[in-house]
Amino acid sequence: MLDSSRVFIIAEAGSNWKVGSYNEDIKRAKKLIHVASESGADAVKFQTFRTNTVYVSNAGNSNYLEKSGIKKSINKIFENAEMPYEMLKELAEFCNKENIQFMSTPFSVADAKAINSHVKIHKVASYEINHVRLLEYLAKTKKPIILSTGASNYDEINFAVNILKKYHVKEYALLQCTAKYPAPLESLNLLTIPEMKKKYKILIGLSDHSLDPIIGPIIAVGLGARIIEKHFTLDKNLAGPDHRFALEPAELKKMVEVIRASEKTFGDGKKRVLDVETELRNFAVRRIQAIKDIKKGERFMEEYNMNVLRPGNRTKGAEARFLLKINGKKSKRSIKSGEGIRLKDCVS
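Residues numbered from 1 in each chain as written. Predicted model: local features only at pLDDT ≥ 70, side-chain atom pairs only at ≥ 80, totals over all residues. Heavy atoms only, no water.

1. Quick notes on the overall build of the chain
So the rule is basically this: Numbered from the N terminus, helices here are DSSP runs of H or I no shorter than four residues, and strands are runs of E no shorter than two. Throughout, the radius of gyration refers to the C-alpha atoms, and the reference size of a globule is 2.2 Å times the residue count to the power 0.38. For the exposure calls, accessible area comes from a 1.4 Å probe over protein chains only, and a residue counts as buried if that area is under 20% of its type's maximum, exposed if over 50%, partly exposed in between. Throughout, a contact is declared for two residues whenever any of their heavy atoms are within 4.5 Å. Methods summary: accessible areas were calculated by the Shrake-Rupley approach with a probe of 1.4 Å, and residue burial reflects only the protein chains presented. As used throughout, the charge tally considers Lys and Arg to be positive and Asp and Glu to be negative, leaving His and the chain termini uncounted. To locate a charge, take atom NZ for lysine, CZ for arginine, CG for aspartate or CD for glutamate.
Looking only at helices and strands, one finds 12 helices and 10 strands in the chain. In terms of C-alpha radius of gyration, the chain reaches 30 Å, well past the compact-globule figure of 20 Å for 348 residues. Over its C-alpha atoms, taken along the principal directions, the chain stretches across nearly 100 × 40 × 40 Å. Taken over 348 residues, the chain has a buried fraction of 48%. Pairs at least 24 apart in sequence give 66% of the contacts found in the chain among residues at least 6 apart. Counting every atom, the chain has about 18,000 Å² of accessible surface; 52% of that belongs to carbon and sulfur. Of the side-chain charges in the chain, 59 are positive and 41 negative, and the distance between the mean point of each set is 9 Å.

Pasting the structure below:
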């Protein structure tokens, strides 16, 4: 289900569906799904959690959110963004109609149970990579699992990977992620992508929290990423914690277009003469050509009666690498100036 030949693009709706009333919320969530589908993304992802299973009570305020003008406690922020479990089925069915895969990140075993029947792939958030019971439950579903690795080290990543191996999960992937919102470009640390690919021998991707719609994703894809996750919103100016660093619809569409265009450049990794190169190869790759009329029995002499030149539309001589095999030999035939000199034209 996780395909290394094609970049899997996840449009992260996060908490950006939240408006106020249930009807308002479901309307915006469906609008986000439609935008993600129109952009060409493979999946649209929400988050499913209950505040009391995420943070301790009275956890306080987040400095980064306060800098964004959100001065509520983290408990209140999460409580406001809780997605009702009954909304999941409706959104999943709407995704089917919109021809886009539904995903939602669970933050507890109860959340995972609520979403399991609605998703084909499970996603684990960076701060849940050490959530033992959640990882065990997800592993037991036998569905593919994508784990973000923001603010973690290899010991912590190995811990999560070993749980998946213990339960014989066949398909899983890791996402390089910088757990900063927004993340400065210089913090993306994208060279970890080929490093993790070599270390774990699985699909590696990028969960990108930078503001730029193109730079992080396209460099990541060039370095081997086969999963790209990026937050998006209908409008950066909407109220809520995640709108400010998310892509707007036009930016999301452009990101997908650039990734899809870049995929066309991959090829198969085998160095050979391509069909599109044949015409100019025949026209312009240097050959051994006569530079004056050569009589039968005359010796071939470099820079006197022959040279290494591009043949254009004239008959083509031997490849230039055979120059030493021809230089100094006698000609078996008469050759006009400009014509190619072949190995078989030499007297043995």
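Next comes the rest of the account.
2. Details of a nonpolar patch on the surface
Selection rule: For patch building, the residue pool is restricted to those with more than 30% relative accessible area and no salt bridge; the joining distance is 9 Å between like charges and 5 Å between nonpolar side chains (Val, Leu, Ile, Met, Phe, Trp, Tyr). Here, a salt bridge means any Lys or Arg side-chain nitrogen found within 4 Å of an Asp or Glu carboxyl oxygen.
Residues Leu 185, Ile 215 and Ile 219 make up a contiguous nonpolar surface patch of roughly 240 Å² in combined accessible area. Looking at the secondary structure, you find Leu 185 in the loop between strand E6 (172–177) and helix H8 (192–200).

3. Topic: the packing of aromatic side chains
Going by this rule: For this analysis, a ring pair means two rings from Phe, Tyr or Trp (six-membered ring only for Trp) whose centres lie within 6.5 Å, classed as stacked if their planes differ by under 30 degrees, edge-to-face if by over 60, and tilted for the remaining angles. By definition, being over a ring means that NZ of Lys or CZ of Arg is both within 6 Å of the ring centre and within 35 degrees of the ring normal.
The final tally for this structure, using the stated rule, is six aromatic pairs. Judged by centre distance (4.8 Å) and plane angle (45°), the ring pair of Phe 49 and Phe 78 falls under tilted. Of this pair, Phe 49 sits in the loop between strand E2 (43–48) and helix H2 (63–67) while Phe 78 sits in helix H3 (residues 74–80); the two residues are 29 residues apart in sequence, bridging distant segments of the chain. An aromatic cluster of three or more residues is present, and its members are Phe 49, Tyr 55, Phe 78 and Phe 107. Sitting above the plane of the Tyr 85 ring, Arg 50 keeps its charged end 4.0 Å from the centroid. One Lys or Arg, Lys 199, reaches over the ring of Tyr 200 and ends 5.6 Å from the middle of that ring.

4. A short note on helix H9 (residues 215–222)
Going by this rule: Think of it as the arc spanned by the lines of direction from the helix axis to the C-beta atoms.
When we look at burial in H9, the residues that qualify are Gly 216, Pro 217, Ala 220 and Val 221. Buried residues of H9 fall within an arc of 125° about the axis and therefore sit on the same side. Just beyond H9, the residue with positive phi is Gly 224, at close to 115°.

5. Structural notes on the packing of helix H1 (residues 22–39) against helix H10 (residues 249–263)
The following threshold applies: Note on method: axes are straight lines fitted to C-alpha atoms, helices fitted across the in-contact stretch only, with angles between N-to-C directions ranging 0 to 180 degrees. Two helices crossing with the near one rotated counterclockwise from the far one by less than a right angle form a left-handed crossing, whereas a clockwise rotation gives a right-handed crossing. Under the grouping applied here, Gly and all other residues not named as nonpolar or charged are polar, the nonpolar ones being Ala, Val, Leu, Ile, Met, Phe, Trp, Tyr, Cys and Pro and the charged ones Asp, Glu, Lys and Arg.
Packing of H1 against H10 leaves a shortest axis separation of 8 Å and a crossing angle of 35°. Considering the relative orientation of H1 and H10, their crossing is right-handed. Listed contacts from H10 to Val 35, Ala 36, Glu 38 and Ser 39 of H1 are Pro 249, Leu 252, Lys 253 and Val 256. Residues that form the contact of H1 with H10 fall into these classes: five nonpolar, one polar and two charged.

6. Here we look at the sheet that holds E6
Operational definition: Here, any two strands with at least 2 DSSP bridges between them count as paired.
If you trace the eight strands from one edge of the open sheet to the other, you get E3-E2-E1-E8-E7-E6-E5-E4, paired in parallel fashion. Of all strands in the sheet, those with a lone pairing partner are strand E3 (101–106) and strand E4 (122–124), marking the two edges. For this sheet, the mean inter-axis angle between neighbouring strands, taken without regard to orientation, is 25°. Both E6 and strand E7 (residues 203–208) contribute to a ladder of five bridges, which runs parallel. Bridge pairing in E7 links Leu 174 to Ile 204. Along the sheet, H1 contacts strand E1 (8–14) and E2; its crossing angle with E2, the most-contacted strand, is approximately 150°. Contacts from H8 reach E6 and E7 within the one sheet, and its direction differs from that of E6 by about 155°.

7. Regarding the nonpolar core
This is how the line gets drawn: What makes a nonpolar core is a set of buried Ala, Val, Leu, Ile, Met, Phe, Trp, Tyr and Cys residues whose side-chain atoms join them at distances within 4.5 Å.
Membership of the largest hydrophobic core comes to 64 residues, with the highest contact counts inside it found for Val 44, Phe 46, Leu 91, Leu 147, Leu 174, Ile 228 and Phe 232. Apart from the residues lying within four places of it in its own chain, the contact partners of Ile 228 are Val 7, Phe 8, Ile 9, Ile 10, Leu 206, Pro 217, Ala 220, Val 221, Met 255 and Ile 259. Ranked by size, the runner-up nonpolar core spans 12 residues in total, among them Phe 300, Ala 318, Ile 335 and Ile 341.

8. Topic: unusual backbone geometry
The amide bond that connects Tyr 181 to the next residue, Pro 182, takes the cis arrangement and shows omega of 0°. Position of Pro 182 among the secondary structure elements: in the loop between E6 and H8. Even without glycine at this site, Glu 303 takes up a positive phi of about 70°. Mapped onto the elements of the fold, Glu 303 is located in the loop between strand E9 (287–290) and strand E10 (306–309).

9. Topic: the side chain of Asn 16
To be explicit about the condition: Here a polar contact is taken to be a pair of N or O atoms separated by no more than 3.5 Å, where protein atoms must pair a possible hydrogen donor with a possible acceptor and residues adjacent in sequence count only if both atoms sit in side chains.
By the element assignment, Asn 16 lies in the loop between E1 and H1. Since its relative accessible area comes to 1%, Asn 16 is described here as buried. Within polar-contact distance, the side chain of Asn 16 engages the backbone oxygen of Phe 232 at 2.9 Å. Discounting residues that sit within four places of it in the chain, Asn 16 has contacts with Arg 28, Leu 32, Phe 232, Thr 233, Asp 242, His 243 and Ala 246.

10. Remarks on the environment of Val 285
With respect to the secondary-structure elements, Val 285 resides in the loop between helix H11 (278–284) and E9. Residues Val 285 and Lys 316, spaced 31 residues apart in sequence, show a C-alpha to C-alpha distance of 9.7 Å. Filtering out sequence-adjacent residues up to four positions away, Val 285 remains in contact with Leu 280, Leu 309, Arg 310 and Pro 311.

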